[in-house]
Amino acid sequence: MNIKHHLDEATLVSYAAGSMSQAMALVVACHISMCSSCRQRIHQTEMIGGMLLENLEPADISESALEQVLACIDEAPEIEESVAAAPIFDSAPLENGADRISDLPAPLADYIGGSLDQVEWSRIVPGVYYHDLPCKTERGGVSRLMRIAPGKAMLPHSHDGNELTLILKGSFSDEIGRFTAGDIADLDSEIEHQPLVDSDEDCICLIATDAPLKFSTLLGKLVQPMTGF
Amino acid sequence: METKPPGDDVENIVAIPQQEMKNNWSDLLVQLAERRDKQIYIAIFRHFAPKIKAYIARLGLVESTAEELMQETMLAVWRKAHMYNRSKAAASTWIYTLARNLSIDWMRKQKYPEYGLEAWHEEPDEERNSGEDEVTADRLQKAISQLPEKQAQVIYMSFFEGRSHTDISDRLGIPLGSVKSRLRLASEKLKMIWRDDV
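These figures come from a predicted structure and were not determined experimentally. (Residues numbered from 1 in each chain as written. Chains lettered and ligands numbered in written order. Predicted model: local features only at pLDDT ≥ 70, side-chain atom pairs only at ≥ 80, totals over all residues.)

### Focus on the overall build of chain B
Formally: In DSSP terms, a helix is any run of H or I states spanning at least four residues, a strand is any run of E spanning at least two, and both are numbered starting from the N terminus. Whether a residue is buried, exposed or partly exposed is read from the other C-beta atoms within 10 Å of its own C-beta, which are placed from the backbone; 20 or more gives buried, 12 or fewer gives exposed, and intermediate counts give partly exposed. We call two residues in contact when their backbone-placed C-beta atoms lie within 7 Å.
The helix and strand inventory of chain B stands at eleven helices and zero strands. Secondary structure of chain B in N-to-C order comes out as α-α-α-α-α-α-α-α-α-α-α. Within chain B, buried positions represent 40% of all 198 residues. When contacts within chain B are restricted to residue pairs at least 6 apart in sequence, those whose partners lie at least 24 apart make up 64%.

### Things to note about the packing of helix α4 (residues 38-58) of chain B against helix α5 (residues 63-80) of chain B
Residue and element names in this part refer to chain B. Here is the rule we go by: Orientation is described by axes fitted as lines to C-alpha atoms, over the contacting stretch for helices, and by angles from 0 to 180 degrees between their N-to-C directions. Convention used here: angles under 35 degrees read as roughly parallel, angles over 145 as roughly antiparallel, angles from 65 to 115 as roughly perpendicular, and any remaining angle as oblique. It is the rotation of the near helix from the far one that decides the hand of a crossing: anticlockwise by less than a right angle makes it left-handed, clockwise makes it right-handed. Nonpolar residues are Ala, Val, Leu, Ile, Met, Phe, Trp, Tyr, Cys and Pro. Charged residues are Asp, Glu, Lys and Arg, and all others, Gly as well, are polar.
Two elements in contact, α4 and α5, have axes whose closest approach is 9 Å; the angle formed by their N-to-C orientations is 140 degrees. Classified by the angle between their axes, α4 and α5 sit oblique to one another. Note on packing geometry: the crossing formed by α4 with α5 is right-handed. Along the contact surface, α4 presents Y41, I44, F45, A49, I52, K53, I56 and A57, while α5 presents E63, A66, E67, L69, M70, T73, M74, V77 and W78. Grouping the amino acids of the contact of α4 with α5 by side-chain chemistry returns 13 nonpolar, one polar and three charged.

### What to know about the sheet that holds strand β6 (residues 171-173) of chain A
All names here are of chain A. To be explicit about the condition: Pairing between two strands is assigned when DSSP locates at least 2 bridges connecting them.
With antiparallel pairing, the three strands of this open sheet are ordered in space as β7-β6-β9. In this open sheet, the two strands that pair with only one neighbour each are β7 (178-180) and β9 (196-197). With three bridges joining them, β6 and β7 adopt antiparallel strand pairing. Of the residues in β7, the one forming a bridge with F172 is F179.

### A word on the confidence of the model for chain A
Residues and elements named next belong to chain A. Applicable threshold: How sure the predictor is of each residue is captured by pLDDT, a score from 0 to 100.
Residue-level pLDDT values for chain A average 82, and 77% of them are 70 or greater. When mean pLDDT is taken per element in chain A, helix α1 (residues 9-17) scores highest with 97 and helix α6 (residues 218-227) scores lowest with 54. Confidence over residues 83-102 falls short of pLDDT 50; this stretch has 25 contacts with residues more than four positions distant or in other chains.

### Some words on the pairing of strand β8 (residues 184-187) of chain A
Residue and element names in this part refer to chain A. Going residue by residue along β8, you find I184 and D186 tucked away on one face and A185 and L187 tucked away on the opposite face as well. Across four bridges, strand β5 (residues 163-169) lies against β8 in antiparallel orientation. Bridging across to β8, L164 finds its partner in D186.

### Overview of the interface of chain A and chain B
Each side of the interface is counted separately: chain A has 67 residues, and chain B has 70 residues. Elements with a minimum of two residues in the side of chain A that touches chain B: α1, α2 (22-34), α3 (36-55), α4 (65-75) and α5 (106-112) of chain A. The element best represented in the side of chain A that touches chain B is α3(A), accounting for 16 residues.

### Some points on the pairing of strand β3 (residues 143-148) of chain A
Residues and elements named next belong to chain A. Taken across its six residues, β3 has five buried, putting it largely inside the fold. The pairing of strand β2 (residues 128-132) with β3 spans five bridges and is classified as antiparallel. Bridging across to β3, V128 finds its partner in I148. Sheet analysis places β3 next to strand β10 (residues 203-209), joined by six bridges and oriented antiparallel. Note on β10: the bridge partner recorded for M146 is C205.

### What to know about unusual backbone geometry
A positive phi is found at R139(A), a non-glycine position, where the angle reads about 50 degrees. By the secondary structure assignment, R139(A) is in the loop between β2 and β3. At R36(B), a position not held by glycine, the phi torsion is positive, near 50 degrees. Checked against the element boundaries, R36(B) lands in the loop between α3 (25-35) and α4.

### A short note on the packing of α1(A) against α3(A)
Residue and element names in this part refer to chain A. Two numbers describe how α1 lies on α3: the axes approach to 9 Å, and their chain directions differ by 55 degrees. With respect to their mutual orientation, α1 and α3 come out oblique. Between α1 and α3 the crossing geometry is right-handed. For the pair formed by α1 and α3, the contact residues are L12, V13, Y15, A16 and A17 on the first element and R41, I42, T45, E46, I48 and G49 on the second. Here the residues of the contact of α1 with α3 sort into seven nonpolar, two polar and two charged.

### Quick word on α1(A)
For α1(A), the tally of buried residues reaches nine of nine residues, placing the bulk of the element in the interior. For α1(A), the complete set of buried residues consists of E9(A), A10(A), T11(A), L12(A), V13(A), S14(A), Y15(A), A16(A) and A17(A). Elements that come into contact with the buried residues of α1(A) comprise α2, α3 and β8 of chain A together with α9 (149-159), α10 (165-172) and α11 (176-192) of chain B. Looking at the residues trailing α1(A), positive phi occurs at G18(A), about 70 degrees.

### Some details on the environment of P113(B)
Its location among the elements puts P113(B) in the loop between α6 (91-108) and α7 (118-121). Each C-alpha atom of the pair P113(B) and G173(B) lies 30 Å from the other, and the pair is 60 residues apart in sequence. Not counting the four nearest positions on each side in its chain, P113(B) is found in contact with A25(A), L26(A), A29(A) and P107(A).

### Examining the sheet that holds β3(A)
Residue and element names in this part refer to chain A. Across the sheet, which stays open at both edges, the six strands sit in the order β1-β2-β3-β10-β5-β8 with antiparallel pairing between neighbours. The two strands at the open ends of the sheet, each matched to only one other strand, are β1 (122-125) and β8. Each neighbouring strand pair of the sheet contributes to a mean axis angle of 25 degrees, computed without reference to strand direction.

### Quick word on the confidence of the model for chain B
Residues and elements named next belong to chain B. Summarising the model, chain B shows a mean pLDDT of 82, and 74% of its residues fall at 70 or more. At the level of individual helices and strands, chain B shows its lowest average pLDDT in α7, which scores 42, and its highest in α4, which scores 97. The low-confidence segment residues 1-8 (pLDDT under 50) makes twelve contacts with residues lying over four places distant or belonging to another chain. A low-confidence stretch, residues 10-15 (pLDDT under 50), is modelled with seven contacts involving residues beyond four sequence positions or located in other chains.

Pasting the structure below:
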């Protein structure tokens, strides 16, 4: 897997701290599950959490806490099944060296089932479809899958907050570069961009924002109420 | 949760020598997975339970909830110990993520998106170990105390108050970009202590 666009360090901190919205955390978790280099980085970032925990002044706990927990253990001592053994993508049996890029990342599968083929799309305009996810967002942000046909562009827009876009299939290019499956665009308010789908197939991405997008063209402003973007 | 009179487990605690345990929580957690030994569990409980509760309380949850979630976290330590991979994370890190996830699940009523357990097992390790053992709590304390105050502040607001970038930006009255650059700088400095020895 040749991932060229990675998570911002500040985004990793927020994920490790558990301080980002559910919608953003989903995109981050999906990218990490596809990207071994960000996985290394998140391990280290979470270590900051571990060390902060270790350094905390201990709180008083109830005197019976230990007994209560031991009683629970005695009642149901069996260990939890390791989820690790479960296939991460039903319809794609893992072969050696199989390119995981075509798979659905496990964290997303929790929300939409085994395959992108099962997603029910709603049309915004011809060639542009979306599917909203039930993740909680912050400040009117979005949590959705987008499916955009080859040659189509998103309307030029900027943001008040952060925007995460993970490519699951196909590719697009914008002012920053070219994004293919596994790549993440981790952007904030300083950037205005207009992604253009440049693959032969539809481009499917997972998007989260923590504020509504701001469109910079009159057309964008006109369709904004319609698209909810 | 049902209370029952102190069981044998509690009465028969053999004090595991303190010295032996120092900085060896990761080894003990591995042993717990292998041996399912209550005495090891109790030692881990005594050390981590009060810290877990302190962490959860700092997230702003009331005392009774913090107590309950602490107990759930400690229960998860027992039940999931076999999933712990020493080469990927120190005990404190793994236990921290359990406490974090359970607290968030409780607050949001939605399961915190995890990046998949396969991530903890797959792939031969590129790193030799989780690195914690060489790094004492003292050293982290030192690294944090050496952070410029503004950087330490955003780290604490993230980890202990669960505030998002935009939330911190509002609270401190600084642009989003400044919040992110402070977090970047702080995180990179803290990570240095696990790299080339200082």
